[in-house]
Amino acid sequence: AYVERRSSAALEGGQRAPSVGYAVIPLKLQTPAYTRDLEGAEWGASAADPAILVRRRPGACAQELARVRLRPVPSRVPDAVRAPELLKISEEFRSLVPREYPPFQALQVDEQNRLWVVRNTTTGVRIEISDAKGTPVSVLTAPSGWRPDLPFAVATGRLVGFTTDADGTRALVSWRYE
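Only a predicted model underlies this, so the values are computations on that prediction, with no experimental measurement involved. (Residues numbered from 1 in each chain as written. Predicted model: local features only at pLDDT ≥ 70, side-chain atom pairs only at ≥ 80, totals over all residues. Heavy atoms only, no water.)

Enquirer: Give a description of the sheet that holds strand β13 (residues 170-176) that names residues and reports values.
Expert: Strand-to-strand pairing in sheets goes through backbone hydrogen bonds, with the strands running parallel or antiparallel. Strand order in the open sheet made by the three strands is β11-β12-β13, with antiparallel pairing throughout. Strands with a single pairing partner mark the edges of an open sheet, and in this sheet they are β11 (153-155) and β13. If you compare each strand with its neighbour and ignore which way they point, the axes differ by 30° on average. Direction of pairing for β11 relative to strand β12 (residues 158-164): antiparallel, over a ladder of three bridges. Looking across to β12, one finds that A155 is bridged to R158. (Pairing = 2+ DSSP bridges. Helix = DSSP H or I, 4+ residues; strand = E, 2+ residues; numbered from the N terminus. Axes fitted to C-alpha atoms, helices over the stretch in contact; angles between N-to-C directions.)

If you want it as structure tokens, here you go:
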């Protein structure tokens, strides 16, 4: 995400031309915003609170079938050492930098119709698994080197996803889970 700063520079004849500078603020948005399960229902963030995942039947009168409440995860980056460019922008924009990670990074449904919620934590990536009714089933620590920001799939006792080496080369890897 970028925070825009505007200022004006004087031109000939007294006119002022806007100059624009940007301060880079690292934010990750969760993708995808929703996922469809095996029964055709959709899991996605509640419009009122993105920390609540709701399972609904699609359609004009979407019937709510289940809910999962996600606990907040504090950011790994303490306020005092946030990006140095934040010190150069106004408090109005600085206050927009999240003090917590987004509620989730990715959603996926496996062949048993369980919801997999990928979340960043202070110790790494965690996967929270719930059944179709929203009841917690399991919590897994993500495999070392896994890139949840790239496409992945869960099926038949495996997590299939990408890793990236130091040169940025991607490799498709399959991990077994129980």
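That shown, we press on.
Enquirer: Mind laying out the sheet that holds strand β6 (residues 64-69), listing which residues take part and the relevant values?
Expert: The strand order across the open sheet formed by four strands is β3-β4-β5-β6, and the pairing between neighbours is antiparallel. The sheet is open, and its two edges are formed by β3 (34-36) and β6, each paired on a single side. Taken over all neighbouring pairs, the strand axes of this sheet differ in orientation by 20° on average, direction set aside. Examined bridge by bridge, strand β4 (residues 42-45) and strand β5 (residues 52-56) share four bridges and lie antiparallel to one another. By the bridge assignment, A45 is partnered in β5 with L53.

Enquirer: Tell me what's going on with the pairing of β13, and back it up with residues and numbers.
Expert: Where β12 meets β13, seven bridges bridge the pair, whose relative direction is antiparallel. Pairing of L159 across the sheet is with W175, part of β13. The hairpin turn running from β12 into β13, its antiparallel successor, is five residues long, and G168 in that turn takes a positive phi close to 90°.

Enquirer: Could you give me a rundown of the pattern of salt bridges, with the residues and numbers involved?
Expert: Any two side chains of opposite charge can pair if their charged atoms end up close together. Under the criterion given, the structure shown has nine salt bridges. For the salt bridge of E39 with R55, the shortest nitrogen-to-oxygen distance reads 2.5 Å. Of the two residues, E39 sits in the loop between β3 and β4 while R55 sits in strand β5, which places them 16 residues apart along the sequence. Bridged by salt links that share partners, the residues D37, E39 and R55 form one connected network. (Salt bridge = Lys/Arg side-chain N within 4 Å of Asp/Glu carboxyl O.)

Enquirer: Outline the nonpolar core, listing residues and values.
Expert: Core analysis: the largest hydrophobic core is formed by 14 residues, its most contacted members being W116, V118, I127, L140, W146, F152 and L159. The biggest single contributor to this core is strand β9 (residues 124-130), with three residues. Counting ten residues, the second largest nonpolar core, distinct from the first, contains A66, V68, F104 and L107. (Core = buried A, V, L, I, M, F, W, Y, C linked by side-chain atoms within 4.5 Å. Buried < 20%, exposed > 50% of the residue type's maximum accessible area, 1.4 Å probe, protein only.)

Enquirer: I'd like a rundown of the packing of aromatic side chains, residues and numbers included.
Expert: Scanning the model with the defined rule gives two aromatic pairs in all. Note on W116 and Y177: the rings are 4.8 Å apart at their centroids and 70° apart in plane angle, and the pair reads as edge-to-face. Of this pair, W116 sits in strand β8 (residues 115-121) while Y177 sits in the segment after β13, and the two are 61 residues apart along the sequence. There is no split in this pair, since W116 and Y177 are both buried. (Phe/Tyr/Trp six-rings, centres within 6.5 Å; stacked < 30°, edge-to-face > 60°.)

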